[in-house]
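Descriptive structure summary
Listed here are the chains, written in short residue letters.
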Amino acid sequence: MNARLEQKPDLMTQRDPRAISEDGTPAGVRAANAVRLPEPWASAAVTVVIPTYNEADNLPVVLDALFALPLPALRVLVVDDNSPDGTGGLAEDLARDKYGPDRLSVLHRPGKQGLGRAYVHGIGHALDQGAAYVVQMDADLSHPPEAIPQMLGTLLSTEADVVIGSRYATGGKLAENWALHRKALSAWANFYVRVLLHLRIRDVTAGFKIWRRETLRSIDVGSITSNGYSFQVEMNYRTVRRGLKIVEVPIRFEERHDGHSKMSLGVQFESALMPFRLRRHMRRLGTGRPPSDRSTAPEARETP
């Protein structure tokens, strides 16, 4: 076995206490007990795209949970930006020695180029490899893997084009240990973007979503230019502009368990400017407000 795995055998064999939930249940156990979908839904070709940068401690835990889900055809694509802590190499080791390259694959990029670029690269690759549904999620354990079957079931049963794992839909929660200033920043960012872009989405900056491949092709994800967290806003805006259906389901959003937040000052500045850039672009095209009749599901229309 590779020396990298010999140095951290616990990552291969043990439940990690960092993956314990509010009620004391490990992430892998929660995933194994997730909603069980009927066939053929359960065997849908789902690819989870996970951008990583210095997530070597978190990645084995989130992968353990993802592959415990009752979704036998689920694949995971890790998009690593040459992490100094060896995340990309660790992902390769796990693909070779534990999960198999048919279930786990890795894209290596030359350096840190931003969340948006990582998603564009990863989503394009997933579509090229035949994914019917693509999940976006973080590697830091803030997004609950056990919610994915429910999100897929909601996508299929409501004929939605994208389903968002929402912190702010009715029933959604933020971890109690999330810093007060981060809660305030998140709430303000959502309000600010919704008002400027007239979006009837409660969690417009959410990074936990499942998409139909046709939706991703329709919004031309490969042409998205924004980076950082504003990438999420631009994807939502394009979806709404095309009159496609967005449904939000509530999740509990956890504080990251290891590493550091990627929310730099530059990322915040770009995110603040993104709504103005999108509005200016729409004016040049001579279009007005985005259509709202199919922009959200009934659950999300409770937004005041």
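Below or above, wherever it landed, is the structure these notes cover. Worth saying up front: this structure is predicted, and the values here are computed from it rather than measured. (Residues numbered from 1 in each chain as written. Predicted model: local features only at pLDDT ≥ 70, side-chain atom pairs only at ≥ 80, totals over all residues. Heavy atoms only, no water.)

**Regarding the overall build of the protein**
Helices and strands together make up the secondary structure of the protein, namely eleven helices and nine strands. Each of the 304 residues in the protein was classed as buried or not, and the buried ones make up 55%. Contacts in the protein between residues at least 24 apart in sequence constitute 81% of all its contacts with a sequence separation of at least 6. (Helix = DSSP H or I, 4+ residues; strand = E, 2+ residues; numbered from the N terminus. Buried < 20%, exposed > 50% of the residue type's maximum accessible area, 1.4 Å probe, protein only. Contact = heavy atoms within 4.5 Å.)

**Focus on the packing of helix α4 (residues 59-66) against helix α5 (residues 87-99)**
Two packed helices can be described by the angle between their axes and the distance between those axes. Packing of α4 against α5 brings their axes to within 11 Å, and their N-to-C directions diverge by 35 degrees. Regarding α4 and α5, the two cross each other, and that crossing is right-handed. Only Thr87, Leu90, Ala91, Leu94, Lys98 and Tyr99 of α5 make contact with α4, whose side of the interface consists of Leu59, Pro60, Leu63 and Asp64. Along the lines of polarity and charge, the residues of the contact of α4 with α5 split into seven nonpolar, one polar and two charged. (Axes fitted to C-alpha atoms, helices over the stretch in contact; angles between N-to-C directions. Left-handed = near helix turned anticlockwise from the far one by under 90°. Nonpolar A, V, L, I, M, F, W, Y, C, P; charged D, E, K, R; others polar.)

**Some details on the nonpolar core**
Residues Leu66 and Val76 are the most contacted members of the largest nonpolar core, which totals 47 residues. Looking at this core, the element that brings in the most residues is α4, giving six residues. Counting residues in each nonpolar core, the second largest holds 33 residues, with Leu115, Ala118, Val134 and Trp211 among its members. (Core = buried A, V, L, I, M, F, W, Y, C linked by side-chain atoms within 4.5 Å.)

**Re the pairing of strand β5 (residues 162-166)**
Taking burial as the measure, the five residues of β5 include five buried ones, the bulk of the element. Here β5 shows a buried face lined by Val162, Ile164 and Ser166 and a second buried face lined by Val163 and Gly165. When β5 meets strand β7 (residues 209-212), the two strands line up antiparallel, connected through three bridges. Opposite Val163, over in β7, you have Ile210 as the bridge partner. (Pairing = 2+ DSSP bridges.)

**Remarks on the environment of Arg109**
The residue Arg109 is located in the loop between β3 (104-108) and α6 (115-128) in this model. Between the C-alpha atom of Arg109 and that of Asp81, which follows or precedes it by 28 residues, the distance is 4.8 Å. The contact partners of Arg109, leaving out residues within four places of it in the chain, are Val79, Asp80, Asp81, Asn82, Gly114, Arg117, Ala118 and His121. Within the structure, the side chain of Arg109 is placed 3.4 Å from the backbone oxygen of Gly114, a separation counted as a polar contact. Separated by 3.3 Å, the side chain of Arg109 and the backbone oxygen of Arg117 make a polar contact. (Polar contact = N/O pair within 3.5 Å; in protein donor to acceptor, adjacent residues only side chain to side chain.)

**A look at unusual backbone geometry**
A negative phi angle is the norm for most residues apart from glycine, just as the trans form is the norm for most peptide bonds. With an omega of 5 degrees, the peptide bond running from Glu39 to Pro40 counts as cis. Looking at the element boundaries, Pro40 is found in the loop between α3 (27-32) and β1 (46-52). One non-glycine residue, Asp220, adopts positive backbone phi at about 55 degrees. Inspection of the secondary structure puts Asp220 in the loop between α9 (213-218) and α10 (230-241).

**Things to note about the packing of aromatic side chains**
Under the definition given, this model contains two aromatic pairs. Taking 5.8 Å as the distance between ring centres and 10 degrees as the angle between the ring planes, the aromatic pair formed by Tyr119 and Phe231 counts as stacked. Of this pair, Tyr119 sits in helix α6 while Phe231 sits in helix α10; the two residues are 112 residues apart in sequence, bridging distant segments of the chain. Residue Tyr119 shares its accessibility class with Phe231, and that shared class is buried. One cation-aromatic arrangement involves Arg167 over Phe253; the distance from NZ or CZ to the ring centre is 5.2 Å. (Phe/Tyr/Trp six-rings, centres within 6.5 Å; stacked < 30°, edge-to-face > 60°. Lys NZ or Arg CZ within 6 Å of the ring centre and 35° of its normal.)

**Looking at the pairing of β3**
In this sheet, β3 lies alongside strand β2 (residues 75-80) in parallel orientation, the contact comprising five bridges. Its bridge partner lying in β3, Leu77 is registered against Ser105. Read as a crossover between parallel neighbours, the route from β2 over α5 to β3 is right-handed. (Right-handed = clockwise from strand over helix to strand, strands pointing away.)

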